[in-house]
Amino acid sequence: MSLDVPVLPDDASAEALRADLATWTVDAVESVVGERAMRALSREQVLPARRAARASSTAEATLARLFLLGDTVPTAALDAALPATGAEGAARCGLVELSGGEARSRVDLRPYAAVDSDGEARWWVASDRGEAVTGERLRDDHVLGIGGASLTLAGMTMRAPVGRVLDLGTGCGVQALHASRHAGSVVATDVSRRALGFAEFNRTLNAAGGWDLREGSMLEPLAGEQFDLVVSNPPFVITPEGAPSFEYRASGMPGDGIVSSLVSSVGSVLAPGGVAQMLGNWEIHGESWSEGLEAWLDASASAGHPLDAWVIERDELDAAEYAETWLRDAGVTPERGRAEFEAAYEAYLSDFDARGVRAVGFGMVLLRRPASGSPTLHRLEQHEGALQEPFGGYLVQALAAHDRVTALTDDALLDTAWTAAADVTRESYGPVLQADPSYILLRQGAGLGRSVSMDTALAGFVGACDGELTAGQIAHALAALLDVDAGRMVAGLVPAVRELVADGFLE
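Residues numbered from 1 in each chain as written. Predicted model: local features only at pLDDT ≥ 70, side-chain atom pairs only at ≥ 80, totals over all residues. Heavy atoms only, no water.

Draft legend 1. Representation of helix α18 (residues 456–463) within the structure. Buried within α18 we find Ala 457, Leu 458, Ala 459, Phe 461 and Val 462. On its buried side, α18 packs onto β14 (424–429), β15 (439–444), β16 (451–454), α19 (471–482) and α20 (486–502). Capping the start of α18 is the job of one residue whose side-chain oxygen sits 3.3 Å from the backbone nitrogen of Ala 457: Asp 455. (Buried < 20%, exposed > 50% of the residue type's maximum accessible area, 1.4 Å probe, protein only. Helix = DSSP H or I, 4+ residues; strand = E, 2+ residues; numbered from the N terminus. Contact = heavy atoms within 4.5 Å. Polar contact = N/O pair within 3.5 Å; in protein donor to acceptor, adjacent residues only side chain to side chain.)

What follows is the structure, encoded as structure tokens:
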């Protein structure tokens with residue numbers, strides 16, 4: 001049975017299509033439709049871009065109208081835009097339907113650009129067309145393209161060279177494309193055959209190497225294997241019976257079971273030193289937002305896989321807000337059908353109330369199997385501010401800093417000359433006529449953009465960290481200057497310095 005996905009039948013077809021699309025970049029699309037329309041597209045509004053693209057006859061405008069905006073275009077125009085492939089070749093690949101001298105796209109195909117440690121990458125990514133273009137409800141096995149969640153995961157993923165990478169729940173293959181630039185090999189799995197079909201098309205179109213694509217749920221296709229990096233944007237949306245369900249966002253497990261299962265079991269496929277990075281959400285039943293996550297981590301340890309853990313909750317919605325968010329995402333709104341909306345809304349609230357769900361948190365999870373010994377990192381924190389880019393690079397540095405400062409004895413820490421990071425600034429607040437400030441803040445420009453309140457001694461310490469003097473030398477000088485016992489000064493500074501190093505304020 002046909003999976004209704006595009007297929008590149010041979011390398012020659014892929015090479016021809018790749019050559020045809022070479023000038024169709026993100027910048028080329030923006031030059032056709034303009035900044036206003038690009039911003040509207042990010043809000044899933046296509047009208048401004050359609051108006052602009054229809055006013056242009058360039059190849060880039062033709063491709064944007066056809067593949068991004070849902071327009072039909074003349075077959076002759078498509079032949080001109082894809083000279084090596086042609087309209088007939090595009091039809092044979094399953095990209096378009098031809099009828100009456102016109103072509104209509106069967107897929108969403110768009111340029112995508114990203115920057116990592118190896119420079120800029122440019123790809124073209126195919127997926128199912130969205131509701132904004134079709135005006136129709138998504139099919140249950142809809143294959144999602146590049147969205148906000150996939151961009152977030154790509155941005156937070158650490159891009160150090162690694163051996164084996166697992167893209168768990170690959171969808172159209174965006175994370176696997178990124179991984180192919182810094183991994184020795186890539187395994188990509190999904191429960192959806194259609195998703196794997198799109199991933200294979202995107203792999204072939206972009207000449208991204210030989211991925212190992214496997215069908216299966218969760219870790220089932222991976223028994224006995226280990227990976228250096230696991231990335232996953234799992235179908236974590238909580239979807240009670242009676243609410244709209246789509247394969248790409250709902251696992252079929254009750255509540256937050258998909259994230260619970262992953263956190264509890266992913267350690268079994270991590271190589272020593274291996275890292276798992278994923279997005280997810282978690283139910284909050286009591287006052288503590290992290291109680292469920294703590295239980296999942298305990299379950300992993302009980303199963304023989306104790307893990308370093310760093311969880312950052314980015315958002316928290318009460319039960320009603322969560323229901324409204326995901327109903328709107330599914331196109332179920334009062335304007336489109338009040339009866340359907342209220343029935344689905346009721347299903348959410350009944351499910352949450354019956355299980356005592358107060359709120360749902362959303363965020364990022366980083367887990368690591370210790371290379372040797374026991375876990376040393378256990379950080380569960382809330383952060384609602386913007387993440388400074390590139391966040392994946394910050395995580396690489398932050399883990400390295402944590403490992404270094406954890407391995408240092410107090411004496412070794414004091415014997416080290418530290419330097420304030422280049423992105424760190426100091427702010428002082430207080431009445432104009434007051435000699436000393438009331439508040440001194442150390443503010444970070446990278447990563448999580450943290451701020452730390454400091455007393456006079458810590459502020460003086462950081463201000464002296466220029467790489468010339470050791471921490472011990474600075475501490476003793478401060479003790480003499482402030483007329484404080486040197487032992488007390490050192491005892492107070494050591495844990496503070498450890499935190500500043502781990503958080504990236506000191507290098």
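Having seen the structure, we can now continue with the description.
Draft legend 2. Region of the structure containing the sheet that holds β15. Pairing within the open sheet is antiparallel, and its three strands lie in the order β14-β15-β16. Edge positions in the sheet fall to β14 and β16, since each has one partner strand and no second. In this sheet, neighbouring strand axes are inclined to one another by 25° on average, regardless of whether the strands run parallel or antiparallel. As defined by bridge partners, β15 adjoins β16 across four bridges and the pair is classed as antiparallel. (Pairing = 2+ DSSP bridges. Axes fitted to C-alpha atoms, helices over the stretch in contact; angles between N-to-C directions.)

Draft legend 3. Structural detail: the packing of aromatic side chains. Evaluated as defined, the whole model comprises 13 aromatic pairs. Consider the rings of Trp 24 and Phe 67, whose centres lie 6.3 Å apart with planes at 45°: the pair is tilted. Of the two residues, Trp 24 is situated in the loop between α1 (11–20) and α2 (26–33) and Phe 67 in helix α5 (residues 59–68); the sequence distance between them amounts to 43 residues. Among the residues examined, Trp 24 registers a relative accessible area of 1% and is labelled buried. Taking relative accessible area as the criterion, Phe 67 reaches 3% and is therefore assigned buried. (Phe/Tyr/Trp six-rings, centres within 6.5 Å; stacked < 30°, edge-to-face > 60°.)

Draft legend 4. Structural view of the sheet that holds strand β10 (residues 270–284). Spatially, the eight strands line up as an open sheet ordered β8-β7-β6-β9-β10-β12-β11-β13, and their pairing is mixed. Each edge of the open sheet carries a strand with a single partner, namely β8 (212–215) and β13 (378–382). Each neighbouring strand pair of the sheet contributes to a mean axis angle of 15°, computed without reference to strand direction. With four bridges connecting them, strand β6 (residues 162–168) and strand β9 (residues 227–232) associate as parallel partners. Each bridged residue has a counterpart across the sheet, and for Leu 168 the counterpart in β9 is Ser 232. Along the sheet, helix α14 (residues 319–329) contacts β10, β11 (308–318) and β12 (359–368); its crossing angle with β11, the most-contacted strand, is approximately 85°.

Draft legend 5. Representation of unusual backbone geometry within the structure. Phi angles above zero are rare outside glycine, and Met 218 is one such case at about 55°. Here Met 218 lies in the loop between β8 and β9. The phi torsion at Asp 483 lies on the positive side, around 55°, for a residue other than glycine. On the secondary structure map, Asp 483 appears in the loop between α19 and α20.

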